[in-house]
Amino acid sequence: MAQTTPSTQKNIIILGGSYGGISSTHYILKHVVPALPSSSSYQVVLVSTSTQAMCRPACPRALISDDFFDQQKLFVDITKGFEQYPNSSFRFVHGTATSLDHTARTVSVSVAADNSIESFAYHALVIATGASTPSPLFGLNQGETILRESWAAFRKALPAAKTIIIAGGGPAGIETAGELGEYLNGRAGWFSSNLANPKVAITVVTADSKILPALRASIAAKAEVQLAKVGVTVIKNARVTNAVPIGGAAGADRVSKTTVTLSDGQTMEADLYIPATGLIPNTNFVAKELLTSNGRVETSSTTLRVEKAGPRVYAVGDVSSAARPAIHILMEAIPVLCANLKRDLLLDAGKTESEVGAERTFKEDTSETQMVAIGTKKGVGAAMGWQLPSFMVWLIKGRDYWLWTTGNLWSGKQWTKET
Ligand SMILES: Cc1cc2nc3c(=O)[nH]c(=O)nc-3n(C[C@H](O)[C@H](O)[C@H](O)COP(=O)(O)OP(=O)(O)OC[C@H]3O[C@@H](n4cnc5c(N)ncnc54)[C@H](O)[C@@H]3O)c2cc1C
């Protein structure tokens, strides 16, 4: 039976310790709680399946070897960033939200240390549990142990691999193909359009008529040229309809040999198969009535409130329906979400509408903005509708996959100012 933790304080609970959850927790501790009357009566509780935060975009390169990144920067203990706040105002719970009762306003958490269920009453709630990928290679959604184990199994199988199939022509699939191609095959010279006889045959399969759906066709075509130079072939207009491990070794990490069947009837064998298609929102603890048809938390795209869940409930990041999943968009949502939370808490504490001011509205940046690294030296992309040269993509992203940005995020420095 669930144990309810008695608390004399009002809980502001944040679910999920990554870009959305860690950012909102810092922002709330710095700018929301201190502005409330009797601020010591609130406690901010961050709940996460993983004790560590990581630079998720780095996965396509980091999964190959630990030598590419400083591991102390790639994985950071979540609690370290919160040592700056008084113990009475912050608590970290290593656990997974298993059910949300939005009528009783409680959330049940399976605590990692002993698998016990702890139930928390919340005064305000931020859902930031993100989304999982079909492959465990791309993030911390099942925690750091599973991620490390799947990387280890992949690295063990890599030296013997002669064929690799990647399903999905989005940025995760394309970046993984580019990294593996460059690492295993090297790069063709300036005057060769492709790499003749690559050591490892790497194939990307996409259901679309082009790769990289968020970028215009001419940029996607440039990516294909760069991929060909590291020995990657793209099959378009075909979907992977079945992927069966050969010999029945059905490991979730798919590091065993796999028979892959495509929608055009083709059957291929892969020494390694990587499903890099689509995101699965982490919402299995949320009532169906709060979800959209694609499983995201139904969130107002302007206020970031989850209106059907009752007062003071918000969602942000990949779990939320408010905007498309991308870190630069999420970062713009945090100050809006926290300003509206602050306003809602002040009203609840007895302030009047005229004292708290107008609510903030969020507007998603829908411009063509995406950078895609193709190995450690090249890339394609656009920012606010402007095509970027390969060198710029390398400089901003491909050099270290945004690791230069995460120190300030995990420590909260990014949110020193109220914006
Ligand atoms: C391979 C790859 C490359 C990417 N590259 C880029 C890029 O270059 N640029 C860009 O803008 N975006 C990129 N993205 C997308 C970006 O990583 C996401 O938009 C971002 O991670 C979303 O952050 P989030 O906080 O919403 O959720 P996530 O990062 O998914 O984190 C969710 C957190 O919640 C925890 N959690 C999950 N379920 C529960 C639960 N029930 N209870 C408690 N905790 C839970 C998880 O352990 C995790 O720590 C990439 C994504 C992938 C997979």
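Residues numbered from 1 in each chain as written. Predicted model: local features only at pLDDT ≥ 70, side-chain atom pairs only at ≥ 80, totals over all residues. Heavy atoms only, no water.

In the annotation of an unreviewed UniProt entry, the entry for the chain reads FAD/NAD(P)-binding domain-containing protein, and the organism field reads Lophium mytilinum. In its Sequence similarities (unreviewed entry) section, UniProt records this for the chain: "Belongs to the FAD-dependent oxidoreductase family." (UniProt positions renumbered as here; feature names shortened; annotations may be inferred.)

Attention now goes to the sheet that holds strand β17 (residues 272–275). The 4 strands lie next to each other as β13-β12-β11-β17, forming an open sheet whose pairing is parallel. With partners counted over all chains shown, the strands left at the sheet margins are β13 (232–235) and β17, one partner each. Strand-to-strand twist in this sheet, taken as the mean axis angle between neighbours without regard to direction, amounts to 20°. For strand β12 (residues 201–205) and β13, the ladder comprises 4 bridges, and the chain directions are parallel. What sits directly across from T203, in β13, is T233. On top of the sheet, helix α5 (residues 171–185) reaches β11 (163–167), β12, β13 and β17; it is set at about 175° to β12, its chief contact. (Pairing = 2+ DSSP bridges. Helix = DSSP H or I, 4+ residues; strand = E, 2+ residues; numbered from the N terminus. Axes fitted to C-alpha atoms, helices over the stretch in contact; angles between N-to-C directions. Contact = heavy atoms within 4.5 Å.)

Looking now at unusual backbone geometry. In this model, N197 sits at a positive phi of 50°, which is unusual for a non-glycine residue. In this structure, N237 takes a positive phi of about 55° despite not being glycine. Relative to the helices and strands, N237 is located in the loop between β13 and β14 (240–245). Classification of N237 by relative accessible area gives exposed; the value is 51%. (Buried < 20%, exposed > 50% of the residue type's maximum accessible area, 1.4 Å probe, protein only.)

A separate point is empty space enclosed by the protein. Tallied over the entire structure, the rule returns 1 cavity of 30 Å³ or more. In this structure, the largest cavity encloses a volume near 110 Å³. V316, G317, A323, I329 and L330 are the residues nearest the centre of the largest cavity, which is lined by 15 residues in total. Of the residues belonging to the lining of the largest cavity, the class tally is 11 nonpolar, 2 polar and 2 charged. (1 Å grid on protein atoms, 1.4 Å probe; cavity = no way out; pocket = protein on both sides within 12 Å on 5 of 7 lines; lining within 4 Å. Points joined across faces, edges and corners; volume = space filled by probe spheres on them. Nonpolar A, V, L, I, M, F, W, Y, C, P; charged D, E, K, R; others polar.)

Quick look at the nonpolar core now. Core analysis: the biggest nonpolar cluster contains 90 residues, and I12, I28, L74, W151, I164 and L180 have the highest contact counts within it. Broken down by element, the residue count for this core peaks at 11 residues, all from helix α7 (residues 327–348). Every residue in contact with L180, bar those within four places of it in the chain, is listed here: I64, F154, L158, I164, I166, N185, I202 and I274. Counting residues in each nonpolar core, the second largest holds 23 residues, with A97, Y122, L291 and V313 among its members. (Core = buried A, V, L, I, M, F, W, Y, C linked by side-chain atoms within 4.5 Å.)

Turning next to the domain arrangement of the chain. One frequently used descriptor of interface size is the decrease in accessible area upon assembly of the parts. Considered domain by domain, the chain is made up of domain 1 (10–133 + 279–366) and domain 2 (144–277). Spacing between the C-alpha centres of domain 1 and domain 2 amounts to 33 Å. Counting residues at the interface gives 18 residues for domain 1, matched by 14 residues for domain 2. Here domain 1 packs against domain 2, burying approximately 1,400 Å² in sum over the two surfaces, 59% of which is carbon and sulfur. Contact with domain 2 buries area across many residues of domain 1, yet P60, L63 and I64 alone supply 45% of it, more than any other trio. At the boundary of domain 1 with domain 2, the tally comes to 3 salt bridges. (Domains from an automatic or database assignment. Buried area = accessible area lost by both parts, 1.4 Å probe. Salt bridge = Lys/Arg side-chain N within 4 Å of Asp/Glu carboxyl O.)

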